[in-house]
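# Descriptive analysis of the structure
So the chains spell out like this:
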Amino acid sequence: MLKHFVCLFLLIFSASIWAEQKQVLGDWDVHYMVVGTTFLTPEVAQGAGIVRSKFNALVNISVLDSATQKAQSLIVEGNARNLIGTTKALTFKEVQDGDAIYYLAVLPFRDQETYRFDITIRDHQTSQTLAFQQKIYVD
């Protein structure tokens, strides 16, 4: 039930405040966003095992089959590199909520820091790389 609230909360913020982003990679529609963890309530953060901090961002990835729009259970790995070249590994946790599947990772950051994200998404046959850049602000 608590996972449902995490996913619902992330969907609300992706649509209304942070403008969710999407890339088509092969047969997948990959939706992604990066938000500050302070937008999560303490209860939701605790239930999802996320440490709330004004210096933590939450990376949220969801992957849908382009033809059926069915959520995909995949292997998601990646890293984030700031502009001076410091690389931080992202450890994604799969969260399932009914038919929805989300991959969540926490990224520590400094105010107004820009990161380049390289995220590998794969199953047993296909591998795709999601690459994007985002500046992150302290709230």
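Keep in mind that what you see is a predicted model, and the values were worked out from it rather than measured.

## Looking at the pattern of salt bridges
Under the criterion given, the structure shown has two salt bridges. Close ionic contact of Lys22 with Asp29 constitutes a salt bridge, the shortest N to O distance being 3.8 Å. The partner of Glu77 in a salt bridge is Arg122, and the shortest N-O contact between them spans 3.4 Å. With a gap of 45 residues between them, Glu77 in strand 4 (residues 75-82) and Arg122 in strand 8 (residues 113-122) connect regions that are remote in the sequence.

## With respect to the sheet that holds strand 5 (residues 87-90)
Ordered in space as 5-4-8-9, the four strands form an open sheet in which the pairing is antiparallel. Every interior strand has two partners, whereas the edge strands, strand 5 and strand 9 (127-136), have only one. Along the sheet, successive strands turn relative to each other by an average axial angle of 20°, direction set aside. Note: strand 8 against strand 9, ten bridges, orientation antiparallel. Across the sheet, residue Arg122 finds its bridge partner in strand 9, namely Ser127.

## Some words on the sheet that holds strand 7 (residues 100-108)
One open sheet accounts for five strands, arranged 1-2-3-7-6; its pairing is antiparallel. Both outer strands of the open sheet, strand 1 (21-25) and strand 6 (93-97), are each paired with one neighbouring strand and no more. Strand-to-strand twist in this sheet, taken as the mean axis angle between neighbours without regard to direction, amounts to 25°. Of the strand pairs in this sheet, strand 2 (residues 28-36) and strand 3 (residues 56-65) are connected by nine bridges, and their pairing is antiparallel. Bridged to Gly36 within strand 3 is Ala57.

## A look at the nonpolar core
Nonpolar side chains tend toward joint burial in soluble globular proteins. Val59, Ile61, Phe117, Ile119 and Ile121 are the most contacted members of the largest nonpolar core, which has 28 residues in total. Those elements giving two or more residues to this core turn out to be strand 2, strand 3, strand 4, strand 7, strand 8 and strand 9. Among the elements that take part in this core, strand 3 stands out by supplying five residues, more than any other. Filtering out sequence-adjacent residues up to four positions away, Val59 remains in contact with Met33, Val34, Leu90, Phe92, Tyr103, Leu104, Ala105, Leu107, Phe117 and Ile119.

## Here's the deal with the pairing of strand 8
Pairing geometry for strand 4 and strand 8, over eight bridges, is antiparallel. Bridge pairing in strand 8 links Ile75 to Arg122. Connecting strand 8 to the antiparallel partner strand 9 that follows it, the hairpin turn spans four residues.

Definitions and cut-offs
- Residues numbered from 1 in each chain as written.
- Predicted model: local features only at pLDDT ≥ 70, side-chain atom pairs only at ≥ 80, totals over all residues.
- Heavy atoms only, no water.
- Salt bridge = Lys/Arg side-chain N within 4 Å of Asp/Glu carboxyl O.
- Helix = DSSP H or I, 4+ residues; strand = E, 2+ residues; numbered from the N terminus.
- Pairing = 2+ DSSP bridges.
- Axes fitted to C-alpha atoms, helices over the stretch in contact; angles between N-to-C directions.
- Core = buried A, V, L, I, M, F, W, Y, C linked by side-chain atoms within 4.5 Å.
- Buried < 20%, exposed > 50% of the residue type's maximum accessible area, 1.4 Å probe, protein only.
- Contact = heavy atoms within 4.5 Å.

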